Amino acid sequence: MKALLDQSLSVLLEGYGWLPNRWRRGGGEPVRARVLGRRATGLRGPEDARFFYDEKHIRRRGAIPGPVLSTLFGHGAVHTLDGDAHHRRKRLFLSLMTSQSVAALTEEISVAWDEADWSAGKPVTLFEQASHIITRAVTRWSGVPLRSTDVPSLASDLIAMVDGFATAGPRHWRARAARRRQERWLAAVIEDVRAGALTPSPEQAISVVATHLDADGPLSPRVAAVELLNVIRPTVAVAWFVTFAAHALHRWPEHAQPLRDGRHDYATAFVQELRRFYPFAPFVGGKAVSDLSWRGADIPAGSLVLLDLYGHNHDDTLWPDPYSFDPARFAGRAPGEFELVPQGGGDPATNHRCPGEAITIAVLETLVPRLAAMDYRVPPQDLRISLRRIPARPASGFVVIPR
């Protein structure tokens, strides 16, 4: 029990550094630990990621802790499925990731950005403002009926679900309450769609979720609400990266002019480096399908396997000078599917890599140049980013004063 307490508390206390610290102490060998009462093996690197995302080795079902399901993903979500059930459910999300659909979302994002209050001389907390902008846009795009006055409360709940999944105490309980509240509301909205009381366009996310068929038929209203939140919530979570973009432009202002010049290739490289450099998900977990052996480590059936995302993206054997912010790493090239893994690795169409990654990139490619083109000043504030806090963000939320 003592080892369990030591390891579990260490995750909370060390945050993003927990797995990288153990990786260094072990000389680059797979990490052996005990977390939440279960034996765990920590992996890192492209070949380890390839091994992790092979469903013959690692499955997600039963691997995600209940507190994470009750806050971040939702019980019954696609993240908890494997095999055919996972592939069938994931088609729901992939159908929303067409180039036409993503372009429609980024257009809504642009409109919502222009509608926001950027009054000269009025301080704006960018993290909060970005969350409101994206909430307004993604609900319009998805067909979710939302009054303008309700945008701040929904945005607050969506942010809370992400902000409280990896901690204890008030943040965690706010996240649970937010999920319960929004699942109830969206389940009722799904029922309205199915009853014909609400008639969104067939291609909108709310229609796609309401009409989706699993092998055993339509999703229950609650699970449909869970999956609708799994479209909306991670899109709003892009507010973290918008805030990181402001942080990067403040620290390294030389990157602003190429973005202002409308160089799409530079915006893409900047966004990829943003996702590599700044902390988002610390690791992802799965469960060993059978007794396995990998790089000299025995991995018992049913034990946890953790893929170190933050450590991978800051590994100096993969990324020279990894703590330097350098968009040139991605100039003229797309990273390999197991090379850059801020939202997991592999092929989004066939495994558990986040299917919304294309939306994350497209939204940032839309907003980062707009941010670089804004005329604002940054007043004195606490811009530190603690790697002990999951998910990390600038302490002040990044306050700007438009001119």
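Relevant structure appears above.
Caption draft 1: Structural view of the overall build of the protein. Along the backbone of the protein there are 16 helices and 12 strands. Taken over the C-alpha trace, the protein has a radius of gyration of 21 Å; the compact-globule value for 403 residues is 22 Å, and the two agree within 12%. Its C-alpha atoms put the protein at 60 × 55 × 40 Å along the principal axes. For the protein, buried positions account for 58% of its 403 residues. Expressed as a percentage of contacts within the protein between residues at least 6 apart in sequence, the contacts between residues at least 24 apart total 71%.

Caption draft 2: Focus on the layout of surface pockets. In this structure, the second largest pocket occupies an estimated 270 Å³ of space. What lines the second largest pocket is a set of 18 residues, and nearest its centre among them are Pro20, Arg24, Arg44, His314 and Tyr323. Broken down by element, the lining of the second largest pocket gets its largest block of residues, four residues, from helix α2 (residues 18-25).

Caption draft 3: Region of interest: a nonpolar patch on the surface. Together, Leu9, Leu12 and Leu13 line one region of the surface with nonpolar side chains, adding up to about 290 Å² of accessible area. Structurally, the position occupied by Leu12 is in helix α1 (residues 2-14). Classification of Leu12 as partly exposed rests on a relative accessible area of 40%.

Caption draft 4: Looking closely at the nonpolar core. Counting 97 residues, the largest nonpolar core has Leu228, Phe270, Leu274 and Leu371 as the members making the most contacts within it. Broken down by element, the residue count for this core peaks at 10 residues, all from helix α12 (residues 238-251). Those residues in contact with Phe270, other than ones at most four positions away along the chain, are Ala245, Ala248, Leu249, His255, Leu259, Phe325, Pro327 and Val368.

Caption draft 5: Representation of unusual backbone geometry in the model. Cis geometry marks the peptide bond from Ile390 to Pro391, where omega comes out at -5°. With respect to the secondary-structure elements, Pro391 resides in the loop between β11 (376-377) and β12 (399-402). At Arg295, a position not held by glycine, the phi torsion is positive, near 50°. Of note, the phi angle at Asp321 is positive, near 50°, even though the residue is not glycine. Counting through the fold element by element, Asp321 comes out in the loop between α15 (309-313) and α16 (357-373).

Caption draft 6: Structural detail: helix α7 (residues 126-142). Over its 17 residues, α7 extends 24 Å from the first C-alpha to the last, a length consistent with the 24 Å expected when each residue adds 1.5 Å. Among the 17 residues that make up α7, 14 are buried, leaving the element largely enclosed by the rest of the structure.

Caption draft 7: Molecular detail of the sheet that holds β12. The strand order across the open sheet formed by three strands is β4-β12-β11, and the pairing between neighbours is antiparallel. The open sheet terminates on both sides in strands that have one partner only, identified here as β4 (124-125) and β11. As paired elements, β11 and β12 share two bridges and run antiparallel to each other. Residue pairing in the sheet places Arg377 in a bridge with Ile401 of β12.

Caption draft 8: Broad picture of α12. Taking 1.5 Å per residue, 14 residues should reach 20 Å; α12 reaches 20 Å between its end C-alpha atoms and fits that length. Most of α12 sits out of view: 12 of its 14 residues are buried. Residues of α12 that are buried: Val238, Ala239, Trp240, Phe241, Val242, Thr243, Phe244, Ala245, Ala246, His247, Ala248 and Leu249.

Caption draft 9: Layout of the environment of Leu387. Tracing the backbone through its elements, the reader meets Leu387 in the loop between β11 and β12. The class for Leu387 is partly exposed, based on a relative accessible area of 33%. The spacing of Leu387 and Gly15 is 372 residues in sequence and 5.9 Å in space, taken between C-alpha atoms. Once residues lying within four places of it in the same chain are set aside, the contact partners of Leu387 are Glu14, Gly15, Tyr16, Pro279 and Tyr310.

Criteria and thresholds
- Residues numbered from 1 in each chain as written.
- Predicted model: local features only at pLDDT ≥ 70, side-chain atom pairs only at ≥ 80, totals over all residues.
- Heavy atoms only, no water.
- Helix = DSSP H or I, 4+ residues; strand = E, 2+ residues; numbered from the N terminus.
- Rg over C-alpha atoms; globule rule 2.2 N^0.38 Å.
- Buried < 20%, exposed > 50% of the residue type's maximum accessible area, 1.4 Å probe, protein only.
- Contact = heavy atoms within 4.5 Å.
- 1 Å grid on protein atoms, 1.4 Å probe; cavity = no way out; pocket = protein on both sides within 12 Å on 5 of 7 lines; lining within 4 Å.
- Points joined across faces, edges and corners; volume = space filled by probe spheres on them.
- Patch = residues over 30% accessible without salt bridge, like charges linked within 9 Å, V, L, I, M, F, W, Y side chains within 5 Å.
- Areas by Shrake-Rupley, 256 points an atom, 1.4 Å probe, with all protein chains shown as cover.
- Salt bridge = Lys/Arg side-chain N within 4 Å of Asp/Glu carboxyl O.
- Core = buried A, V, L, I, M, F, W, Y, C linked by side-chain atoms within 4.5 Å.
- Expected span 1.5 Å × (residues − 1).
- Pairing = 2+ DSSP bridges.

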